[in-house]
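Single-letter residue listing:
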Amino acid sequence: MSFLSAMLYDRVMKSTEDACLIEWRRELLQGADGKVLEIGAGTGASLELYPQSAGLELFLAEPDENMRVRLQERIRKTRLTNVTVLSCPGERIDSEDGFFDVVFVSLVCCSVADVDASLREIRRVLKPGGSFLFLEHVAAEDGTRRRKWQDRLNRYWRKLAGNCHLNRETQRHIEDAGFTIEHIRYESLRTPMTLVRPVIRGMARPG
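Bear in mind the structure is a predicted one, so any value in this text is a computation, not a measurement.

Student: Pulling in residues and values, what's your account of the packing of aromatic side chains?
Tutor: With the rule as written, the count across this model stands at five aromatic pairs. An angle of 80° between the planes, with centres 5.7 Å apart, marks the rings of Phe59 and Phe99 as edge-to-face. Of the two residues, Phe59 is situated in strand β2 (residues 57-61) and Phe99 in the loop between β3 (83-86) and β4 (100-106); the sequence distance between them amounts to 40 residues. We classify Phe59 as buried; its relative accessible area is 9%. Looking at Phe99, the relative accessible area reads 22%, which means it is partly exposed. On the basis of an interplanar angle of 75° and a centroid distance of 5.3 Å, the ring pair of Phe59 and Phe100 is categorised as edge-to-face. Residue Phe59 is located in strand β2, and its partner Phe100 is located in strand β4; the two are separated by 41 residues in the primary sequence. These aromatic residues form a ring-pair network of at least three members: Phe59, Phe99 and Phe100. Taking NZ or CZ as reference, Lys35 lies 5.4 Å from the ring centre of Phe99, over its face. Lying across the ring of Trp149, Arg152 places its NZ or CZ 4.7 Å from the centre.

Student: Help me get a handle on the sheet that holds β2, residues and values and all.
Tutor: Sheets are built from strands paired through backbone hydrogen bonds, the pairs being either parallel or antiparallel. The seven strands are arranged β3-β2-β1-β4-β5-β7-β6 in an open sheet whose pairing can be described as mixed. Unpaired on one side and paired on the other, β3 and β6 (179-188) mark the two borders of the sheet. For this sheet, the mean angle separating the axes of adjacent strands, direction not counted, is 15°. Where strand β5 (residues 126-137) lies against strand β7 (residues 198-206), six bridges are found, and the strand directions are antiparallel. Residue Leu133 lies in a different strand from β7, and its bridge partner there is Met203. Along the sheet face, helix α2 (residues 65-76) touches β2 and β3 and points at about 175° away from the line of β3. Along the sheet, helix α3 (residues 115-125) makes contact with β1 (35-39), β4, β5, β6 and β7, crossing β5 at roughly 145°.

Student: Got a sec to walk through α3? Specific residues and values, please.
Tutor: Of all the positions in α3, only Val115, Ala117, Ser118, Leu119, Glu121, Ile122 and Val125 are classed as buried. Sitting at the amino-terminal end of α3 is Asp114, which places a side-chain oxygen 3.2 Å from the backbone nitrogen of Asp116.

Student: Please set out the environment of Ser111 residue by residue, giving values where relevant.
Tutor: Mapped onto the secondary structure, Ser111 falls in the loop between β4 and α3. Considered as a pair, Ser111 and Leu21 are 90 residues apart in the sequence and their alpha carbons are 18 Å apart. Setting aside chain neighbours within four positions, we find Ser111 in contact with Gly162, Asn163, Cys164 and Arg168.

Student: Give a detailed account of the side chain of Asp64, specifying residues and quantitative values.
Tutor: Tracing the sequence through the fold places Asp64 in the loop between β2 and α2. One polar contact links the side chain of Asp64 to the main-chain amide nitrogen of Asn66, over a distance of 3.2 Å. Within the local environment of Asp64, its side chain forms a polar contact with the backbone nitrogen of Met67, the two atoms lying 2.8 Å apart.

Analysis parameters
- Residues numbered from 1 in each chain as written.
- Predicted model: local features only at pLDDT ≥ 70, side-chain atom pairs only at ≥ 80, totals over all residues.
- Heavy atoms only, no water.
- Phe/Tyr/Trp six-rings, centres within 6.5 Å; stacked < 30°, edge-to-face > 60°.
- Helix = DSSP H or I, 4+ residues; strand = E, 2+ residues; numbered from the N terminus.
- Buried < 20%, exposed > 50% of the residue type's maximum accessible area, 1.4 Å probe, protein only.
- Lys NZ or Arg CZ within 6 Å of the ring centre and 35° of its normal.
- Pairing = 2+ DSSP bridges.
- Axes fitted to C-alpha atoms, helices over the stretch in contact; angles between N-to-C directions.
- Contact = heavy atoms within 4.5 Å.
- Polar contact = N/O pair within 3.5 Å; in protein donor to acceptor, adjacent residues only side chain to side chain.

From the geometry alone we can't say anything about function, so treat these as descriptive.
And the structure:
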């Protein structure tokens, strides 16, 4: 992602963050504790939403250098102290097996180069019984007008939006990677861009 894109990202996303994403992230993260990995941490939109827990050890993975600079600036302004920033992508997480209690992704699975490899890595680094928290925009229901337009425009959208896919069936990918989804909610992103509105959020555990 370019320096300009990283600089403008928070401004572009602010209205949607305020409308729904902050609330949804806070709900997902309210019980996060222990060793927690956030993949694709971006500029740090979730930093202030983590619970105040003495046992929280936070690892933030962000492969884009420009995003990582802004993430580190944001960390310095927060109350968080036990934070490690990683530069690894989701497909190659810099961690031993079974290390994390929680892995969290938010608007990440849509744009990783290999979503199946990323989910296998998440399963690898989670402890047995660990929690995989997800908040992702996804493909609309098959046969709907919105899904047809997602399919038609996906190749062009990917080029404009940093490999973001309009039509990834992320729930299926999560299940195919060997996770058991314990709870899931289907939402509509509060944004004027109708093609990215379908959202899933919830929690899964390694099967």
